[in-house]
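Inside the fold
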Amino acid sequence: MRQVAFFGDKNSSTKKISVFDTTLRDGEQTPGVSFTLDQKLDIARAVSGMGVSVIEAGFPASSESEFETVKMVSSLGLEADICGLARSVVSDVDRCIECDVDMVHVFIPTSDVQRENTIKKTREEVLEITSRIVGYARENVDKVLFSAMDATRTEVPYLIEVFKAAVDAGATTINVPDTVGVATPSSMSALISVIRGDVKCPIDVHCHNDFSMAVANSVSAVEAGASQVQVTVNGIGERAGNADFASTVMALESILGFDTGVKTENLVKVSRMVSRYSGISVLPVHPVVGDNAFAHESGIHSHGVIANSSTFEPGIMTPEMVGHRRRLKLGKHVGKHAVRQMLDQVGMNPSENELDAIVAKIKEIASHGKKIEENDLYEIADNVCGTGVVVKDITLDGFAVMTGSHVLPSATVKAIVNGEEKVSCMTGNGSVDAAMKALLNVVPKEVILKDFNVAAISGGSDAIGHVSIAVEDENGRVFDAGASSSDIVMASVEAMVNALNMVYRYDKNDN
């Protein structure tokens with residue numbers, strides 16, 4: 001059950017908060033990130049499907065390819081309004097209009113340091129330009145967002161004057177950007193309160209994360225009366241990035257009780273898509289969407305969540321709400337309750353003495369820095385108990401890969417599946433991908449590879465590599481597995497075999 005804020009501005013103008021996604025524009029300004037057209041269209045469809053109000057598709061005047069991208073996104077017929085960015089010049093606005101966007105976002109620097117060093121204009125000139133460009137944009141589109149660039153370093157009386165000029169000229173929303181991330185939650189709240197009292201227009205905020213306060217500042221702005229927040233998936237963007245989509249939305253929804261209209265159960269899926277396209281991995285400890293967001297290793301924590309998940313999770317935000325799964329993890333802090341539950345799920349019931357021995361062995365292995373996956377647990381338990389319970393439904397009987405600079409990578413796998421020989425040959429984007437596809441093709445169950453990581457555990461060109469993977473079965477259950485080898489393809493294949501055996505083992509116990 002969600003709860004309303006412990007503290008907050010009871011005079012907030014609305015309980016409905018709009019989400020403005022700028023992953024395609026500010027997110028792509030992350031150094032080293034460049035989305036392809038197809039990737040941008042995928043992201044646009046995904047975030048619109050989640051229920052965002054606005055998608056900032058790009059900056060049409062910056063290049064011909066950017067113009068074509070914004071035009072293509074506009075042509076998709078998405079539910080979200082499509083927005084194009086423009087400097088305060090007529091030609092930029094015209095390029096947005098030519099893309100048939102629903103909203104034009106015009107900006108101009110207002111702080112002294114920005115105004116004097118970037119556009120070299122006086123305060124009076126900025127006021128005149130603001131009135132003229134907003135008026136021109138509004139003559140051509142129904143929705144105009146005006147940004148006072150570097151608002152949080154602009155003298156407040158002058159900032160109010162600029163905003164009033166924009167509203168008088170026809171701006172439908174005003175944006176307060178914390179362009180270099182120097183605001184604090186308290187200063188942002190005070191600033192939004194002053195603006196809200198003097199400027200009669202919906203307020204949007206765009207917060208950067210230079211001091212790791214972008215989400216906090218965005219939430220604070222909403223508490224003070226802002227009605228729209230700008231975010232990027234995974235918080236990507238210039239320098240330290242922007243307010244993170246998932247964290248901002250879940251704070252607004254779960255803690256403050258606002259309605260963002262976002263289908264939060266898709267947050268993890270979209271996060272992983274953007275991570276893959278951007279090449280920027282999401283840290284395991286990333287809030288809401290990180291692998292460890294609902295994972296528990298500590299004995300005390302695991303015991304608590306087994307009894308009642310709200311003991312060591314927020315409660316007002318569950319893994320199911322964001323498209324995640326709660327997972328018990330193995331390591332040197334693991335406790336008996338977690339190990340017993342994990343073994344019980346596959347029909348293994350060790351005695352108390354055996355359980356103590358299993359836990360001790362896990363802690364011993366983990367203390368040497370080795371990552372322990374679920375398949376390791378079952379092997380350890382079988383060795384301790386001597387039960388022979390760990391029967392492999394899938395046994396690798398051999399595989400071969402072919403790759404090269406002028407060869408389509410392919411893999412042939414022969415495996416024994418429930419006593420029956422199966423052979424599969426598949427092509428892929430590299431030998432590992434081909435081998436994984438071939439293995440998945442020999443099993444009758446619907447299994448999806450969710451995560452794949454390689455880490456070197458020794459140095460040199462003949463280094464031993466450890467492959468960790470996660471697969472999801474048709475019931476949405478996620479299984480971790482791993483294997484090590486000096487041959488990464490071999491380690492990958494063995495890790496997948498280990499994972500598939502766990503899927504079968506769980507199904508047997510369920511039946």
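Conventions adopted
Residues numbered from 1 in each chain as written. Predicted model: local features only at pLDDT ≥ 70, side-chain atom pairs only at ≥ 80, totals over all residues. Heavy atoms only, no water. Core = buried A, V, L, I, M, F, W, Y, C linked by side-chain atoms within 4.5 Å. Buried < 20%, exposed > 50% of the residue type's maximum accessible area, 1.4 Å probe, protein only. Helix = DSSP H or I, 4+ residues; strand = E, 2+ residues; numbered from the N terminus. Contact = heavy atoms within 4.5 Å. pLDDT = per-residue confidence, 0-100. Expected span 1.5 Å × (residues − 1). Axes fitted to C-alpha atoms, helices over the stretch in contact; angles between N-to-C directions. Parallel < 35°, antiparallel > 145°, perpendicular 65-115°, else oblique. Left-handed = near helix turned anticlockwise from the far one by under 90°. Nonpolar A, V, L, I, M, F, W, Y, C, P; charged D, E, K, R; others polar. Pairing = 2+ DSSP bridges. Right-handed = clockwise from strand over helix to strand, strands pointing away.

Describing the nonpolar core
- Ranked by size, the top nonpolar core spans 90 residues in total, and within it Phe146, Ile195 and Phe245 carry the most contacts.
- The element contributing the most residues to this core is helix H6 (residues 156–169), with seven residues.
- What phenylalanine 245 contacts, discounting residues up to four positions off in sequence, is Val19, Asp21, Met50, Val52, Val231, Thr232, Val233, Val262 and Leu267.
- Residues Leu343, Ala411, Val413 and Leu439 belong to the second largest nonpolar core, which totals 46 residues.

Re the confidence of the model for the protein
- Put simply, the protein has an average pLDDT of 87, and 87% of its residues get 70 or more.
- This stretch, residues 1–14, has a pLDDT under 50; its non-local contacts, to residues over four places away or in other chains, come to 32 contacts.

Concerning helix H16 (residues 431–442)
- Along its twelve residues, H16 runs 17 Å from first to last C-alpha, staying within 8% of the 16 Å computed at 1.5 Å per residue.
- For H16, the complete set of buried residues consists of Ser431, Ala434, Ala435, Met436, Ala438, Leu439 and Val442.

Quick notes on the packing of helix H5 (residues 123–140) against H6
- As a packed pair, H5 and H6 sit with axes 8 Å apart at the nearest point and diverge in direction by 25 degrees. Of the possible angle classes, the one that applies to H5 and H6 is roughly parallel. Relative to H6, the crossing made by H5 is right-handed. Contacts between H5 and H6 involve Arg123, Val126, Leu127, Thr130, Ser131, Val134, Gly135 and Arg138 on the former and, on the latter, Tyr158, Glu161, Val162, Ala165, Ala166 and Ala169.
- Of the residues assigned to the contact of H5 with H6, the class counts are eight nonpolar, three polar and three charged.

Comments concerning the pairing of strand E4 (residues 103–109)
- Here E4 lies mainly inside the structure; seven of its seven residues are buried.
- Residues Met103, His105, Phe107 and Pro109 point to one face of E4 and Val104, Val106 and Ile108 to the other, with burial holding for every one of them.
- As paired elements, strand E3 (residues 81–87) and E4 share five bridges and run parallel to each other. The residue of E4 that forms the bridge with arginine 87 is phenylalanine 107.
- Note that the unit made of E3, helix H3 (residues 90–98) and E4 has a crossover that is right-handed.

Things to note about the pairing of strand E8 (residues 228–231)
- Residues Gln228 and Gln230 line one face of E8 and the alternating positions Val229 and Val231 line the opposite face, and both faces are buried.
- Here strand E1 (residues 18–21) pairs with E8 via four bridges, running parallel. Of the residues in E8, the one forming a bridge with phenylalanine 20 is glutamine 230.
- Across three bridges, the pairing between strand E7 (residues 203–207) and E8 is parallel. Across the sheet, valine 205 pairs through a bridge with valine 229, a residue of E8.
- This β-α-β element, E7 to helix H8 (residues 214–223) to E8, shows right-handed connectivity.

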